[in-house]
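# Tertiary structure, described
Chain by chain, the residues:
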Amino acid sequence: MGDRLTQLQDAVDELAQQFVACIHYVHRHHNLETLGPNDEIRQLPKDAEQEVDSYPADVFKAAQVELAQDLITKEQQIEYLISILPGLDNSERDQERNIKELEDELKSAEAQHQEAIQEKKDIMSNLDEVIRSIRRP
Amino acid sequence: MADPNENQEMQDMDQITSTWPRPPPFYKDFTADNLARLADLKRERAETSNLPSNSTPKTDSKDANDLLSQRLTGLPPNLRNLQPPLPPDEGAWRIFGDPYRLVQPLPKLEEGGEIRPVVANGGLLADGERDDKHFDRATVLKRIAKSLLLNFLELVGVLGQNAMDAADKVKDIRDLFYNFHHLINEYRPHQARESLIATMQAQLDRLRAETTAIRDSKEKVERMLEGLGSLKIDQEEVAAATTATGANTKAPAAAGRGMGELEGEMWGMLVDPAN
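By the naming in an unreviewed UniProt entry, chain B goes by Mediator of RNA polymerase II transcription subunit 7 and is assigned to Apiospora marii. We quote the UniProt Sequence similarities (unreviewed entry) comment for chain B here in full: "Belongs to the Mediator complex subunit 7 family."

By the naming in an unreviewed UniProt entry, chain A is Mediator of RNA polymerase II transcription subunit 21, taken from Apiospora marii. Quoted verbatim from the Subunit (unreviewed entry) heading of the UniProt record, the comment on chain A is "Component of the Mediator complex." According to the UniProt record, the Subcellular location (unreviewed entry) comment for chain A reads "Nucleus".

### A few points about the overall build of chain A
Helices and strands together make up the secondary structure of chain A, namely three helices and zero strands. Along chain A, from the amino end to the carboxyl end, the secondary structure elements read α-α-α. A total of 137 residues make up chain A; the buried ones form 28% of that total. Of the contacts made within chain A by residues no fewer than 6 positions apart, 76% connect residues no fewer than 24 positions apart. By element, 51% of the accessible surface of chain A is carried by carbon and sulfur atoms, the whole surface being about 9600 Å².

### Description of the overall build of chain B
If you tally the helices and strands in chain B, you get eight helices and two strands. Counting only residues that meet the buried cut, chain B has 25% of its 275 residues in that class. Excluding contacts between residues fewer than 6 apart, the proportion of contacts in chain B whose partners are at least 24 apart in sequence is 59%. When the accessible surface of chain B is split by element, carbon and sulfur atoms take 58% of a total near 19300 Å².

### What about the pairing of strand 2 (residues 98–101) of chain B?
Residue and element names in this part refer to chain B. Pairing geometry for strand 1 (residues 92–95) and strand 2, over four bridges, is antiparallel. Its bridge partner being in strand 2, R94 is matched across the sheet by P99. Connecting strand 1 to the antiparallel partner strand 2 that follows it, the hairpin turn spans two residues, and F96 within it adopts a positive phi of roughly 50°.

### So, the confidence of the model for chain B
All names here are of chain B. When pLDDT is averaged along chain B, the result is 72, and 59% of the positions lie at 70 or above. Scored below 50 in pLDDT, residues 246–256 shows four contacts in the model against residues more than four places distant or in partner chains. Both scores are given for the predicted complex: the pTM is 0.61, the ipTM 0.76.

### Thoughts on helix 1 (residues 4–29) of chain A
Residue pairs spaced three or four apart in an α-helix point in one direction, given the helix's 3.6 residues per turn. Its 26 residues place the ends of helix 1 of chain A 36 Å apart at the C-alpha level, agreeing with the 38 Å of an ideal helix rising 1.5 Å per residue. Within the span of helix 1 of chain A, buried status applies to A:L5, A:L8, A:Q9, A:A11, A:V12, A:L15, A:F19, A:C22, A:Y25 and A:H29.

### Some remarks on the interface of chain A and chain B
Listed by partner, the interface residues are 53 residues for chain A and 51 residues for chain B. Where chain A touches chain B, the interface holds six salt bridges. Here A:E119 ties to B:K218 by a salt bridge, and the two come within 2.8 Å at their closest N and O atoms. Seen at the junction of chain A and chain B, the total is 16 residue pairs in polar contact (both at pLDDT 80 or more).

### What about helix 6 (residues 137–161) of chain B?
A rise of 1.5 Å per residue sets the reference length of helix 6 of chain B, with its 25 residues, at 36 Å; its end C-alpha atoms lie 36 Å apart and thus fit the reference within 8%. For helix 6 of chain B, the complete set of buried residues consists of B:R137, B:A138, B:V140, B:L141, B:I144, B:A145, B:L148, B:L149, B:N151, B:F152 and B:L155.

### Thoughts on the nonpolar core
By size, the foremost hydrophobic cluster in this structure holds 30 residues, and its most contacted members are A:L8, A:F19, A:I78, B:L141 and B:F180. By residue number, the principal contributor to this core is helix 6 of chain B, which donates nine residues. In this structure, A:L8 is in contact with A:I78, A:L81, A:I82, A:L85, B:L141, B:F180 and B:I184, ignoring residues within four places of it in sequence. Counting residues in each nonpolar core, the second largest holds eight residues, with A:A109, B:I197, B:M200 and B:L207 among its members.

### Notes on a nonpolar patch on the surface
All names here are of chain B. A cluster of nonpolar side chains, contributed by W93, I95, F96, Y100, L102 and V103, occupies part of the molecular surface with about 640 Å² of accessible area. Among the structural elements, L102 can be located in the loop between strand 2 and helix 6. Since its relative accessible area comes to 48%, L102 is described here as partly exposed.

### So, the packing of aromatic side chains
Two measures describe an aromatic ring pair: the distance that separates the ring centres and the angle between the ring planes. One pass over the structure, following the stated rule, counts five aromatic pairs over all chains. Ring geometry for A:Y25 against A:Y55: centres 6.1 Å apart, planes inclined by 80°, an arrangement best described as edge-to-face. In this pair, A:Y25 is assigned in helix 1 and A:Y55 in the loop between helix 1 and helix 2 (57–83), connecting sequence segments 30 residues apart. Among the residues examined, A:Y55 registers a relative accessible area of 30% and is labelled partly exposed. Consider the rings of B:W93 and B:Y100, whose centres lie 5.9 Å apart with planes at 20°: the pair is stacked. For B:Y100, a relative accessible area of 35% corresponds to the partly exposed category. Aromatic rings pair up to connect A:F19, B:F152 and B:F177 into one cluster.

### Side note on a negative patch on the surface
A cluster of like negative charges, contributed by B:D216, B:E219, B:E222 and B:E226, occupies part of the molecular surface. On the secondary structure map, B:E226 appears in helix 7 (residues 166–245).

### Focus: the environment of B:P105
Residues and elements named next belong to chain B. Within the element layout of this structure, P105 appears in the loop between strand 2 and helix 6. Of the residues examined, P105 reaches a relative accessible area of 67% and is grouped as exposed. When the C-alpha atoms of P105 and E186 are compared, they prove to be 10.0 Å apart, with 81 residues separating the residues in sequence.

About the criteria used
Residues numbered from 1 in each chain as written. Chains lettered and ligands numbered in written order. Predicted model: local features only at pLDDT ≥ 70, side-chain atom pairs only at ≥ 80, totals over all residues. Heavy atoms only, no water. UniProt positions renumbered as here; feature names shortened; annotations may be inferred. Helix = DSSP H or I, 4+ residues; strand = E, 2+ residues; numbered from the N terminus. Buried < 20%, exposed > 50% of the residue type's maximum accessible area, 1.4 Å probe, protein only. Contact = heavy atoms within 4.5 Å. Areas by Shrake-Rupley, 256 points an atom, 1.4 Å probe, with all protein chains shown as cover. Pairing = 2+ DSSP bridges. pLDDT = per-residue confidence, 0-100. Expected span 1.5 Å × (residues − 1). Salt bridge = Lys/Arg side-chain N within 4 Å of Asp/Glu carboxyl O. Polar contact = N/O pair within 3.5 Å; in protein donor to acceptor, adjacent residues only side chain to side chain. Core = buried A, V, L, I, M, F, W, Y, C linked by side-chain atoms within 4.5 Å. Patch = residues over 30% accessible without salt bridge, like charges linked within 9 Å, V, L, I, M, F, W, Y side chains within 5 Å. Phe/Tyr/Trp six-rings, centres within 6.5 Å; stacked < 30°, edge-to-face > 60°. Lys, Arg positive; Asp, Glu negative; His and termini not counted. Charge placed at Lys NZ, Arg CZ, Asp CG, Glu CD.

See below:
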(Lines give C-alpha, C1' and ligand atoms only; values in the text may rest on other atoms or scores of the structure.)
Protein backbone atom coordinates (compact mmCIF):
# COMPACT_ATOMS: atom_id res chain seq x y z
CA MET A 1 0.00 0.00 0.00
CA GLY A 2 1.73 3.10 -1.17
CA ASP A 3 0.79 6.71 -0.91
CA ARG A 4 -2.32 7.89 -2.67
CA LEU A 5 -0.61 8.88 -5.87
CA THR A 6 0.94 5.44 -6.14
CA GLN A 7 -2.40 3.85 -5.40
CA LEU A 8 -3.92 5.90 -8.17
CA GLN A 9 -1.20 4.93 -10.61
CA ASP A 10 -1.61 1.29 -9.67
CA ALA A 11 -5.35 1.57 -10.20
CA VAL A 12 -4.80 3.05 -13.66
CA ASP A 13 -2.37 0.28 -14.53
CA GLU A 14 -4.94 -2.23 -13.38
CA LEU A 15 -7.49 -0.59 -15.64
CA ALA A 16 -5.10 -1.06 -18.56
CA GLN A 17 -4.67 -4.69 -17.63
CA GLN A 18 -8.42 -5.09 -17.47
CA PHE A 19 -8.70 -3.65 -20.97
CA VAL A 20 -6.30 -6.26 -22.23
CA ALA A 21 -7.99 -9.01 -20.26
CA CYS A 22 -11.40 -8.05 -21.66
CA ILE A 23 -10.21 -8.13 -25.25
CA HIS A 24 -8.41 -11.35 -24.65
CA TYR A 25 -11.50 -12.97 -23.16
CA VAL A 26 -13.74 -11.87 -26.00
CA HIS A 27 -11.15 -12.90 -28.55
CA ARG A 28 -10.74 -16.33 -27.03
CA HIS A 29 -14.27 -17.30 -26.20
CA HIS A 30 -16.53 -15.75 -28.79
CA ASN A 31 -18.82 -17.93 -30.87
CA LEU A 32 -18.17 -18.78 -34.50
CA GLU A 33 -20.42 -17.46 -37.26
CA THR A 34 -20.70 -18.15 -40.92
CA LEU A 35 -20.65 -15.07 -43.10
CA GLY A 36 -22.26 -16.66 -46.14
CA PRO A 37 -24.29 -19.75 -46.92
CA ASN A 38 -21.28 -21.45 -48.47
CA ASP A 39 -18.97 -20.98 -45.50
CA GLU A 40 -18.53 -23.67 -43.02
CA ILE A 41 -16.79 -23.81 -39.73
CA ARG A 42 -13.58 -25.71 -40.00
CA GLN A 43 -13.39 -28.61 -37.62
CA LEU A 44 -10.01 -28.85 -36.03
CA PRO A 45 -8.87 -32.16 -34.67
CA LYS A 46 -9.82 -32.55 -31.02
CA ASP A 47 -6.31 -32.69 -29.60
CA ALA A 48 -5.01 -29.65 -31.51
CA GLU A 49 -4.65 -26.28 -29.81
CA GLN A 50 -7.80 -24.36 -30.64
CA GLU A 51 -7.55 -20.70 -31.42
CA VAL A 52 -11.08 -20.02 -30.33
CA ASP A 53 -12.64 -21.88 -27.47
CA SER A 54 -16.29 -20.97 -27.85
CA TYR A 55 -18.37 -20.72 -24.74
CA PRO A 56 -22.14 -21.17 -24.67
CA ALA A 57 -23.97 -17.94 -25.49
CA ASP A 58 -25.39 -17.37 -22.00
CA VAL A 59 -22.03 -17.92 -20.24
CA PHE A 60 -20.27 -15.64 -22.70
CA LYS A 61 -22.88 -12.94 -22.28
CA ALA A 62 -22.75 -13.11 -18.48
CA ALA A 63 -18.97 -12.88 -18.53
CA GLN A 64 -19.13 -9.87 -20.83
CA VAL A 65 -21.50 -8.12 -18.45
CA GLU A 66 -19.25 -8.90 -15.52
CA LEU A 67 -16.17 -7.61 -17.30
CA ALA A 68 -17.97 -4.42 -18.25
CA GLN A 69 -19.12 -3.94 -14.65
CA ASP A 70 -15.58 -4.48 -13.42
CA LEU A 71 -14.33 -1.82 -15.80
CA ILE A 72 -16.90 0.66 -14.52
CA THR A 73 -16.07 -0.20 -10.90
CA LYS A 74 -12.38 0.33 -11.56
CA GLU A 75 -13.06 3.66 -13.21
CA GLN A 76 -15.15 4.77 -10.26
CA GLN A 77 -12.39 3.67 -7.93
CA ILE A 78 -9.97 5.82 -9.89
CA GLU A 79 -12.30 8.80 -9.67
CA TYR A 80 -12.61 8.32 -5.94
CA LEU A 81 -8.85 8.14 -5.58
CA ILE A 82 -8.55 11.34 -7.58
CA SER A 83 -11.04 13.11 -5.36
CA ILE A 84 -9.10 12.26 -2.19
CA LEU A 85 -5.70 13.34 -3.47
CA PRO A 86 -3.98 15.27 -0.68
CA GLY A 87 -3.93 19.03 -0.78
CA LEU A 88 -5.89 19.62 -3.96
CA ASP A 89 -7.00 23.01 -2.68
CA ASN A 90 -3.56 24.27 -1.74
CA SER A 91 -1.27 26.00 -4.15
CA GLU A 92 2.47 25.72 -3.82
CA ARG A 93 2.66 29.13 -2.21
CA ASP A 94 0.03 28.15 0.36
CA GLN A 95 2.04 25.10 1.19
CA GLU A 96 5.26 27.03 1.64
CA ARG A 97 3.58 29.51 3.92
CA ASN A 98 2.00 26.68 5.85
CA ILE A 99 5.33 24.95 6.28
CA LYS A 100 6.99 28.15 7.51
CA GLU A 101 4.22 28.74 10.04
CA LEU A 102 4.43 25.20 11.27
CA GLU A 103 8.18 25.50 11.60
CA ASP A 104 7.84 28.57 13.80
CA GLU A 105 5.11 26.98 15.87
CA LEU A 106 7.21 23.88 16.30
CA LYS A 107 10.10 25.96 17.58
CA SER A 108 7.98 27.74 20.16
CA ALA A 109 6.30 24.50 21.17
CA GLU A 110 9.71 22.92 21.60
CA ALA A 111 10.79 25.80 23.82
CA GLN A 112 7.65 25.44 25.92
CA HIS A 113 8.26 21.76 26.12
CA GLN A 114 11.78 22.28 27.43
CA GLU A 115 10.44 24.80 29.91
CA ALA A 116 7.82 22.34 31.12
CA ILE A 117 10.43 19.65 31.50
CA GLN A 118 12.57 22.01 33.56
CA GLU A 119 9.58 22.86 35.76
CA LYS A 120 8.87 19.19 36.14
CA LYS A 121 12.45 18.56 37.21
CA ASP A 122 12.22 21.34 39.78
CA ILE A 123 9.02 20.06 41.24
CA MET A 124 10.41 16.54 41.24
CA SER A 125 13.46 17.51 43.24
CA ASN A 126 11.16 19.46 45.52
CA LEU A 127 8.98 16.44 46.07
CA ASP A 128 12.05 14.33 46.56
CA GLU A 129 13.28 16.52 49.38
CA VAL A 130 9.90 16.55 51.05
CA ILE A 131 9.58 12.78 50.90
CA ARG A 132 13.05 12.29 52.29
CA SER A 133 12.38 14.68 55.15
CA ILE A 134 9.21 12.75 56.05
CA ARG A 135 11.17 9.53 56.27
CA ARG A 136 13.51 11.04 58.79
CA PRO A 137 12.60 9.71 62.22
CA MET B 1 40.02 -2.72 19.12
CA ALA B 2 43.26 -2.57 21.10
CA ASP B 3 44.02 -6.16 20.31
CA PRO B 4 45.81 -6.30 16.94
CA ASN B 5 44.70 -9.89 16.32
CA GLU B 6 41.09 -8.98 16.74
CA ASN B 7 41.53 -6.07 14.37
CA GLN B 8 43.03 -8.34 11.77
CA GLU B 9 40.13 -10.73 12.20
CA MET B 10 37.59 -8.02 11.71
CA GLN B 11 39.25 -6.86 8.54
CA ASP B 12 39.27 -10.38 7.18
CA MET B 13 35.60 -10.72 7.97
CA ASP B 14 34.91 -7.47 6.15
CA GLN B 15 36.60 -8.67 3.05
CA ILE B 16 34.51 -11.78 2.96
CA THR B 17 31.08 -10.89 4.24
CA SER B 18 30.57 -7.14 4.30
CA THR B 19 27.25 -6.34 2.68
CA TRP B 20 27.58 -2.60 2.98
CA PRO B 21 30.74 -0.56 2.94
CA ARG B 22 32.10 0.40 6.32
CA PRO B 23 31.30 3.91 7.54
CA PRO B 24 33.89 6.46 6.46
CA PRO B 25 36.71 6.61 9.02
CA PHE B 26 35.99 10.22 9.97
CA TYR B 27 32.79 9.30 11.77
CA LYS B 28 34.98 9.06 14.87
CA ASP B 29 35.56 12.82 14.66
CA PHE B 30 31.93 13.50 15.51
CA THR B 31 32.38 13.65 19.25
CA ALA B 32 30.41 15.99 21.48
CA ASP B 33 33.63 17.86 22.31
CA ASN B 34 34.55 18.38 18.68
CA LEU B 35 31.07 19.55 17.80
CA ALA B 36 31.07 22.02 20.68
CA ARG B 37 34.47 23.27 19.60
CA LEU B 38 33.27 23.80 16.06
CA ALA B 39 30.26 25.74 17.31
CA ASP B 40 32.55 27.90 19.43
CA LEU B 41 34.82 28.57 16.49
CA LYS B 42 31.88 29.55 14.36
CA ARG B 43 30.57 31.89 17.00
CA GLU B 44 34.00 33.50 17.33
CA ARG B 45 34.21 33.93 13.61
CA ALA B 46 30.78 35.48 13.48
CA GLU B 47 31.63 37.90 16.26
CA THR B 48 34.86 39.01 14.67
CA SER B 49 33.60 39.23 11.10
CA ASN B 50 30.24 40.97 11.39
CA LEU B 51 30.11 43.02 14.54
CA PRO B 52 27.76 45.68 13.14
CA SER B 53 24.97 43.23 12.38
CA ASN B 54 25.22 41.81 15.87
CA SER B 55 24.50 45.19 17.36
CA THR B 56 20.86 44.92 16.35
CA PRO B 57 19.23 42.45 18.70
CA LYS B 58 16.28 41.72 16.43
CA THR B 59 18.33 39.79 13.89
CA ASP B 60 19.86 37.59 16.55
CA SER B 61 18.04 34.44 15.56
CA LYS B 62 18.83 35.00 11.90
CA ASP B 63 22.44 35.50 12.76
CA ALA B 64 22.40 32.24 14.62
CA ASN B 65 21.12 30.52 11.52
CA ASP B 66 23.72 32.14 9.32
CA LEU B 67 26.28 31.18 11.84
CA LEU B 68 25.34 27.54 11.62
CA SER B 69 25.34 27.49 7.87
CA GLN B 70 28.56 29.42 7.57
CA ARG B 71 31.64 27.57 6.40
CA LEU B 72 34.97 27.91 8.11
CA THR B 73 38.28 27.48 6.41
CA GLY B 74 41.60 26.54 7.95
CA LEU B 75 40.16 24.23 10.58
CA PRO B 76 42.36 21.79 12.47
CA PRO B 77 42.31 18.35 10.82
CA ASN B 78 40.10 16.70 13.42
CA LEU B 79 37.37 19.29 12.88
CA ARG B 80 37.61 19.47 9.11
CA ASN B 81 35.21 16.62 8.49
CA LEU B 82 32.52 18.02 10.75
CA GLN B 83 31.50 20.46 8.07
CA PRO B 84 29.49 18.88 5.28
CA PRO B 85 31.21 19.22 1.91
CA LEU B 86 29.79 21.66 -0.59
CA PRO B 87 27.49 20.27 -3.29
CA PRO B 88 29.33 19.55 -6.53
CA ASP B 89 29.80 22.62 -8.71
CA GLU B 90 28.59 21.06 -11.93
CA GLY B 91 25.55 19.55 -10.19
CA ALA B 92 26.55 16.06 -11.28
CA TRP B 93 28.57 13.23 -9.79
CA ARG B 94 29.15 9.51 -10.09
CA ILE B 95 28.58 6.80 -7.54
CA PHE B 96 29.48 3.19 -8.33
CA GLY B 97 29.89 4.23 -11.95
CA ASP B 98 26.38 5.64 -12.28
CA PRO B 99 25.94 9.32 -13.00
CA TYR B 100 23.70 11.34 -10.67
CA ARG B 101 22.44 14.88 -10.90
CA LEU B 102 21.42 17.36 -8.22
CA VAL B 103 18.34 18.45 -10.09
CA GLN B 104 16.23 15.69 -11.53
CA PRO B 105 13.58 17.30 -13.66
CA LEU B 106 10.59 15.23 -14.63
CA PRO B 107 10.96 14.34 -18.31
CA LYS B 108 8.37 16.16 -20.38
CA LEU B 109 5.75 14.13 -22.16
CA GLU B 110 6.73 15.48 -25.55
CA GLU B 111 10.31 14.34 -25.08
CA GLY B 112 9.32 10.73 -24.66
CA GLY B 113 8.48 10.34 -28.34
CA GLU B 114 5.24 10.88 -30.15
CA ILE B 115 2.98 11.13 -27.09
CA ARG B 116 0.39 13.88 -27.51
CA PRO B 117 -0.13 15.83 -24.32
CA VAL B 118 -3.74 16.28 -23.25
CA VAL B 119 -3.02 19.44 -21.31
CA ALA B 120 -0.89 22.15 -22.83
CA ASN B 121 2.30 22.84 -20.88
CA GLY B 122 1.58 19.89 -18.66
CA GLY B 123 -0.57 22.11 -16.49
CA LEU B 124 2.36 24.19 -15.36
CA LEU B 125 2.63 27.88 -16.05
CA ALA B 126 5.49 28.55 -18.38
CA ASP B 127 7.45 30.93 -16.18
CA GLY B 128 8.77 29.63 -12.90
CA GLU B 129 6.57 26.55 -13.07
CA ARG B 130 4.40 27.68 -10.20
CA ASP B 131 0.75 26.87 -10.34
CA ASP B 132 -0.43 29.86 -8.39
CA LYS B 133 -3.71 29.95 -10.19
CA HIS B 134 -3.99 26.33 -9.30
CA PHE B 135 -4.53 24.19 -12.27
CA ASP B 136 -7.46 21.89 -11.62
CA ARG B 137 -5.66 18.61 -11.80
CA ALA B 138 -8.44 16.52 -10.30
CA THR B 139 -10.92 17.50 -12.98
CA VAL B 140 -8.49 16.77 -15.77
CA LEU B 141 -7.61 13.41 -14.26
CA LYS B 142 -11.26 12.49 -13.97
CA ARG B 143 -11.83 13.50 -17.57
CA ILE B 144 -8.95 11.33 -18.69
CA ALA B 145 -10.31 8.39 -16.71
CA LYS B 146 -13.68 8.77 -18.42
CA SER B 147 -12.01 9.19 -21.82
CA LEU B 148 -10.15 5.95 -21.22
CA LEU B 149 -13.40 4.06 -20.77
CA LEU B 150 -14.95 5.69 -23.80
CA ASN B 151 -11.91 5.00 -25.93
CA PHE B 152 -11.91 1.40 -24.86
CA LEU B 153 -15.53 1.11 -25.87
CA GLU B 154 -14.63 2.60 -29.23
CA LEU B 155 -11.70 0.26 -29.55
CA VAL B 156 -13.91 -2.76 -29.01
CA GLY B 157 -16.31 -1.36 -31.57
CA VAL B 158 -13.55 -0.82 -34.10
CA LEU B 159 -12.19 -4.29 -33.47
CA GLY B 160 -15.67 -5.66 -34.18
CA GLN B 161 -15.96 -3.76 -37.45
CA ASN B 162 -12.50 -3.83 -38.86
CA ALA B 163 -9.59 -4.95 -36.75
CA MET B 164 -7.10 -3.31 -39.09
CA ASP B 165 -8.21 0.16 -38.00
CA ALA B 166 -7.63 -0.54 -34.33
CA ALA B 167 -4.03 0.64 -34.25
CA ASP B 168 -5.01 4.31 -34.11
CA LYS B 169 -7.39 3.73 -31.27
CA VAL B 170 -4.78 1.76 -29.34
CA LYS B 171 -2.45 4.69 -29.78
CA ASP B 172 -5.12 7.03 -28.38
CA ILE B 173 -5.52 4.85 -25.32
CA ARG B 174 -1.76 4.63 -24.86
CA ASP B 175 -1.45 8.41 -25.01
CA LEU B 176 -4.19 8.80 -22.46
CA PHE B 177 -2.46 6.41 -20.09
CA TYR B 178 0.85 8.19 -20.50
CA ASN B 179 -0.81 11.52 -19.86
CA PHE B 180 -2.49 10.20 -16.76
CA HIS B 181 0.76 8.93 -15.30
CA HIS B 182 2.55 12.10 -16.23
CA LEU B 183 -0.02 14.28 -14.50
CA ILE B 184 0.24 12.15 -11.39
CA ASN B 185 4.02 12.31 -11.39
CA GLU B 186 3.88 16.07 -11.72
CA TYR B 187 1.76 16.06 -8.61
CA ARG B 188 4.31 14.16 -6.56
CA PRO B 189 6.28 17.17 -5.26
CA HIS B 190 2.96 18.63 -4.20
CA GLN B 191 2.13 15.49 -2.29
CA ALA B 192 5.59 15.46 -0.73
CA ARG B 193 5.03 18.97 0.62
CA GLU B 194 1.58 17.97 1.76
CA SER B 195 2.96 15.01 3.70
CA LEU B 196 5.60 17.24 5.21
CA ILE B 197 2.88 19.55 6.43
CA ALA B 198 0.93 16.65 7.87
CA THR B 199 4.00 15.28 9.62
CA MET B 200 4.89 18.66 11.08
CA GLN B 201 1.33 19.13 12.26
CA ALA B 202 1.36 15.73 13.92
CA GLN B 203 4.67 16.50 15.59
CA LEU B 204 3.36 19.83 16.79
CA ASP B 205 0.24 18.21 18.24
CA ARG B 206 2.29 15.55 19.96
CA LEU B 207 4.68 18.09 21.44
CA ARG B 208 1.85 20.25 22.71
CA ALA B 209 0.03 17.28 24.22
CA GLU B 210 3.21 16.21 25.92
CA THR B 211 3.82 19.70 27.29
CA THR B 212 0.28 19.87 28.63
CA ALA B 213 0.62 16.45 30.21
CA ILE B 214 3.84 17.47 31.92
CA ARG B 215 2.29 20.70 33.15
CA ASP B 216 -0.75 18.80 34.44
CA SER B 217 1.30 16.31 36.38
CA LYS B 218 3.43 19.15 37.72
CA GLU B 219 0.34 20.93 39.00
CA LYS B 220 -0.92 17.71 40.49
CA VAL B 221 2.29 17.28 42.44
CA GLU B 222 2.13 20.90 43.55
CA ARG B 223 -1.42 20.45 44.81
CA MET B 224 -0.40 17.28 46.56
CA LEU B 225 2.45 19.05 48.31
CA GLU B 226 0.10 21.80 49.37
CA GLY B 227 -2.38 19.22 50.61
CA LEU B 228 0.38 17.56 52.57
CA GLY B 229 1.16 20.90 54.18
CA SER B 230 -2.42 21.55 55.32
CA LEU B 231 -2.69 18.00 56.60
CA LYS B 232 0.27 18.63 58.87
CA ILE B 233 -1.39 21.71 60.29
CA ASP B 234 -4.32 19.61 61.40
CA GLN B 235 -2.01 17.20 63.08
CA GLU B 236 -0.20 20.00 64.84
CA GLU B 237 -3.45 21.31 66.18
CA VAL B 238 -4.36 17.86 67.36
CA ALA B 239 -0.98 17.54 69.00
CA ALA B 240 -1.34 20.89 70.70
CA ALA B 241 -4.80 19.90 71.94
CA THR B 242 -3.55 16.62 73.35
CA THR B 243 -0.67 18.23 75.25
CA ALA B 244 -3.06 20.73 76.74
CA THR B 245 -5.60 18.17 77.96
CA GLY B 246 -3.41 16.30 80.41
CA ALA B 247 -0.43 14.27 81.49
CA ASN B 248 -2.06 10.89 81.06
CA THR B 249 -1.52 11.05 77.27
CA LYS B 250 2.20 11.71 77.26
CA ALA B 251 3.16 9.36 74.51
CA PRO B 252 0.84 10.75 71.85
CA ALA B 253 1.78 14.25 72.88
CA ALA B 254 5.45 13.54 72.29
CA ALA B 255 4.62 12.11 68.96
CA GLY B 256 2.55 15.16 68.23
CA ARG B 257 5.38 17.48 69.09
CA GLY B 258 7.65 15.44 66.88
CA MET B 259 5.19 15.87 64.08
CA GLY B 260 5.09 19.57 64.73
CA GLU B 261 8.82 19.91 64.28
CA LEU B 262 8.68 17.92 61.09
CA GLU B 263 5.85 20.16 60.00
CA GLY B 264 7.98 23.25 60.34
CA GLU B 265 10.71 21.62 58.41
CA MET B 266 8.31 20.68 55.66
CA TRP B 267 7.00 24.21 55.39
CA GLY B 268 10.49 25.48 55.09
CA MET B 269 11.06 23.15 52.21
CA LEU B 270 7.89 24.12 50.48
CA VAL B 271 8.30 27.83 50.90
CA ASP B 272 11.95 27.96 49.86
CA PRO B 273 11.59 26.93 46.22
CA ALA B 274 8.66 29.27 45.80
CA ASN B 275 11.02 32.13 46.52
